[in-house]
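Residue-level structural notes
Next come the chains, spelled out residue by residue.
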Amino acid sequence: MKFVPLTFLATLLAGAFALSSSAASETFVIDTDRAHASIAFRIKHLGFSWLTGRFDDFNGTFTFDAKKPENSTVKVEIDTKSVNTNHAERDKHLRGKDFLNVSKYPTATFESTGVKLNGDAATITGKLTLHGVTKEIEIAAKPVGGGEDPWGGYRQGFTGITQLALKDFGIDYDLGPASQVVDMTLDIEGIRQ
């Protein structure tokens, strides 16, 4: 799995394509108050279908440098207790020692270490800490849009995808050979500060 609490995360990239500012670097806060951002995941169930879920509680910021987008940064923190698959018993199991072990690891974090532009897309590299393990992951990001909002602010949005191998983060509960990798989708909207 190449997560994204943090999730997370490529918003700074999206700005690379739409922001035109005289400022060297701008800071955005991810808009979780109005549910304009989501960190969702899916994993195969026995190879027959997809089990889907999300993390309901997370926060983060990103900076964007319009002249040097490679200097942009992103940080996200996820409350692992907020995992939600719309099934109470399964969510209880996911919070337990077999998976997220939220009593020991109540948060997951992502902090970028680099950004590379690839045409109208970008690759964000960073350190994901999940289940007490820190690994470098990559998030493929694309802009959704940006501009002034109805409340006098400026927003920027992106979508990002990545994959995480459960065993890379010390989660070795046997779900079968078809269920070793989790797909993550990050839809993020940031408010310029």
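Residues numbered from 1 in each chain as written. Predicted model: local features only at pLDDT ≥ 70, side-chain atom pairs only at ≥ 80, totals over all residues. Heavy atoms only, no water.

Observations regarding the overall build of the protein
Secondary structure assignment for the protein yields two helices and eleven strands. Ordering the α and β elements of the protein from the N terminus gives α-β-β-β-β-β-β-α-β-β-β-β-β. Relative to its full complement of 193 residues, the protein shows a buried share of 43%. (Helix = DSSP H or I, 4+ residues; strand = E, 2+ residues; numbered from the N terminus. Buried < 20%, exposed > 50% of the residue type's maximum accessible area, 1.4 Å probe, protein only.)

Considering the environment of Glu-26
Turning to its location among the elements, Glu-26 is positioned in strand S1 (residues 26-30). Of the polar contacts made by the side chain of Glu-26, one reaches the side chain of Arg-192; its length is 3.1 Å. (Polar contact = N/O pair within 3.5 Å; in protein donor to acceptor, adjacent residues only side chain to side chain.)

Focus: the confidence of the model for the protein
Summarising the model, the protein shows a mean pLDDT of 87, and 87% of its residues fall at 70 or more. Considering only residues more than four positions removed or in separate chains, one finds that residues 1-22, a stretch of pLDDT under 50, has 112 contacts. (pLDDT = per-residue confidence, 0-100. Contact = heavy atoms within 4.5 Å.)

Focus on the pairing of strand S2 (residues 38-45)
As defined by bridge partners, S2 adjoins strand S11 (residues 181-192) across five bridges and the pair is classed as antiparallel. By the bridge assignment, Ile-39 is partnered in S11 with Leu-186. Pairing analysis gives seven bridges linking S2 to strand S3 (residues 49-55), with the strands arranged antiparallel. Among the inter-strand pairings, His-45 is bridged to a residue of S3, identified as Ser-49. Between S2 and S3, which pair antiparallel in sequence order, lie three residues; one of them, Leu-46, sits at a positive phi of approximately 60 degrees. (Pairing = 2+ DSSP bridges.)

Observations concerning the packing of aromatic side chains
Across all of its chains, the model carries three aromatic pairs by this definition. With 4.6 Å between their ring centres and 5 degrees between their planes, Phe-28 and Phe-62 make a pair best called stacked. One end of the pair, Phe-28, is in strand S1; the other, Phe-62, is in strand S4 (residues 58-64), with 34 residues separating them in the sequence. An angle of 50 degrees between the planes, with centres 5.7 Å apart, marks the rings of Phe-41 and Phe-55 as tilted. Here the residue Phe-41 occupies a position in strand S2, and Phe-55 occupies one in strand S3, the gap between them amounting to 14 residues. For Phe-41, a relative accessible area of 10% puts it in the buried group. The class for Phe-55 is buried, based on a relative accessible area of 9%. (Phe/Tyr/Trp six-rings, centres within 6.5 Å; stacked < 30°, edge-to-face > 60°.)

With respect to the environment of Asp-56
Examined against the element boundaries, Asp-56 turns out to sit in the loop between S3 and S4. Residue Asp-56 is classed as partly exposed on the basis of its relative accessible area of 36%. Separated by 18 residues in the primary sequence, Asp-56 and Ser-38 place their C-alpha atoms 7.5 Å from one another. Reaching out from Asp-56, the side chain makes a polar contact with the side chain of Arg-54 at a distance of 2.5 Å.

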